[in-house]
Amino acid sequence: VINAMNRSLERLRQEEARSAALARDRETLFKELQHRISNNLGIVSALLNLQRADVEDPKAKHALTEAATRLQLIAKIHRKLHDPAGAQLRFGPFLEDLCRDILEASGARNIVCLVTAADAQIAPERTIPLALIVTELISNALEHGFEAGRPGTIRIDFAPERPGSREQVLTVSDDGAGLPDGFSLENATGLGLRIVKSLTRQLDGRLVMETAGGTTCRLVFPA
Ligand SMILES: Nc1ncnc2c1ncn2[C@@H]1O[C@H](COP(=O)(O)OP(=O)(O)O)[C@@H](O)[C@H]1O
Ligand SMILES: [Mg+2]
């Protein structure tokens, strides 16, 4: 009996070792796959940049630049989401990085970007839509709020709606020129805000934009 038990135990151990090896293989493959996805996104972005060189029309050139930049951002976020170190993405530092990148890319001077984010966790599938929304809103603040080198501050706040609430609020506000007269988000037809509205729907969220000593955009979405 004891011999039979020992044999069973030995077989069990072998099974366990095999499962562990399989799990390791799968993890390696998964990481490899994520790595390739990020790289491929980067390649698509580079292709769009190449194509831009063959285009004369300034509007078309600009559209290709913007599309390439958005794809590059998605590639970058994807890489961060699947960090090989396996670290969970922290949204606050992530937003700070994002702001720094956008400010740098725009060459803006005299603009400060302040981020306050409670150490909230974000579901990974929300990170890309949220990052794209923030990118559009920051770009708009830079482009329309602070024209002609006007100095100012962009604030990004991320927190639960109320303490203990299941809703989260992301606010992007600037102390720039404010929205143009007669502005209405419903009727806004620019590509940036159309992207923002579509991603807001995707998040089951709601968005309000108003002028109050600059422009404030407030996005509420279920946690
Ligand atoms: N932070 C802001 N400050 C002032 N005006 C803004 C701001 N954000 C958006 N707007 C107004 O909303 C319009 C639409 O924005 P958008 O859809 O991103 O298109 P675009 O940026 O290409 O003009 C802008 O042209 C601008 O008039
Ligand atoms: Mg815009």
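Residues numbered from 1 in each chain as written. Chains lettered and ligands numbered in written order. Predicted model: local features only at pLDDT ≥ 70, side-chain atom pairs only at ≥ 80, totals over all residues. Heavy atoms only, no water.

A. Representation of the overall build of the chain. If you tally the helices and strands in the chain, you get five helices and five strands. Taken over C-alpha atoms, the radius of gyration comes to 23 Å for the chain, far larger than the 17 Å a tight globule of 223 residues would show. Principal axes of the C-alpha set define a box for the chain whose edges measure 90 × 50 × 30 Å. The buried share of the chain, reckoned over its 223 residues, is 35%. Long-range contacts, defined here as pairs at least 24 residues apart, represent 66% of the contacts in the chain between residues at least 6 apart. Accessible area for the chain stands at about 14,000 Å²; split by element, carbon and sulfur atoms hold 55% of it. (Helix = DSSP H or I, 4+ residues; strand = E, 2+ residues; numbered from the N terminus. Rg over C-alpha atoms; globule rule 2.2 N^0.38 Å. Buried < 20%, exposed > 50% of the residue type's maximum accessible area, 1.4 Å probe, protein only. Contact = heavy atoms within 4.5 Å. Areas by Shrake-Rupley, 256 points an atom, 1.4 Å probe, with all protein chains shown as cover.)

B. How the structure looks around the nonpolar core. Ile154, Ile156 and Leu170 are the most contacted members of the largest nonpolar core, which totals 42 residues. Excluding residues within four positions of it along the chain, Ile156 makes contact with Leu95, Cys99, Cys113, Leu114, Val115, Thr116, Val134, Ile138, Leu170, Thr171 and Val172. (Core = buried A, V, L, I, M, F, W, Y, C linked by side-chain atoms within 4.5 Å.)

C. A look at the packing of aromatic side chains. As enumerated under the stated definition, the model contains three aromatic pairs in all. Ring geometry for Phe91 against Phe94: centres 5.9 Å apart, planes inclined by 20°, an arrangement best described as stacked. On the criterion of helical spacing, the pair formed by Phe91 and Phe94 is a turn pair, its members being three residues apart in helix 3 (residues 91-106). Both residues of the pair, Phe91 and Phe94, count as buried. With a centroid separation of 4.9 Å and 65° between ring planes, the pair formed by Phe91 and Phe158 is classed as edge-to-face. With a gap of 67 residues between them, Phe91 in helix 3 and Phe158 in strand 2 (residues 152-160) connect regions that are remote in the sequence. Both residues of the pair, Phe91 and Phe158, count as buried. (Phe/Tyr/Trp six-rings, centres within 6.5 Å; stacked < 30°, edge-to-face > 60°.)

D. Layout of the side chain of Ser38. Note on placement: Ser38 falls in helix 1 (residues 2-53). For Ser38, a relative accessible area of 2% translates into the label buried. Here the side chain of Ser38 touches His78 through a polar contact of 3.1 Å, side chain to side chain. Discounting chain neighbours no more than four positions away, the residues touching Ser38 are Ala75, His78 and Arg79. (Polar contact = N/O pair within 3.5 Å; in protein donor to acceptor, adjacent residues only side chain to side chain.)

E. Broad picture of the site of ligand 1. Neighbouring ligand 1 are 15 residues, the closest being Asn140, His144, Asp174, Gly178 and Leu193. One of the side-chain nitrogen or oxygen atoms of Asn140 is found 2.8 Å away from an oxygen atom of ligand 1. At a separation of 3.2 Å, a nitrogen atom of ligand 1 approaches a polar side-chain atom of Thr215. Every element with two or more residues in the shell around ligand 1 is listed here: helix 4 (124-145) and helix 5 (191-202). Among the elements that take part in the shell around ligand 1, helix 4 stands out by supplying five residues, more than any other. (Near = heavy atom within 4 Å.)

F. Examining the packing of helix 4 against helix 5 more closely. Running from N to C, helix 4 and helix 5 cross one another at 150°; their axes reach a closest spacing of 9 Å. By the angle class used here, helix 4 and helix 5 are roughly antiparallel. In the packing of helix 4 onto helix 5, the handedness of the crossing is left-handed. Every residue of helix 5 that contacts helix 4 at Pro129, Leu132, Ile133, Glu136, Leu137 and Asn140 is listed here: Gly192, Leu193, Ile195, Val196, Leu199, Thr200 and Gln202. Grouping the amino acids of the contact of helix 4 with helix 5 by side-chain chemistry returns eight nonpolar, four polar and one charged. (Axes fitted to C-alpha atoms, helices over the stretch in contact; angles between N-to-C directions. Parallel < 35°, antiparallel > 145°, perpendicular 65-115°, else oblique. Left-handed = near helix turned anticlockwise from the far one by under 90°. Nonpolar A, V, L, I, M, F, W, Y, C, P; charged D, E, K, R; others polar.)

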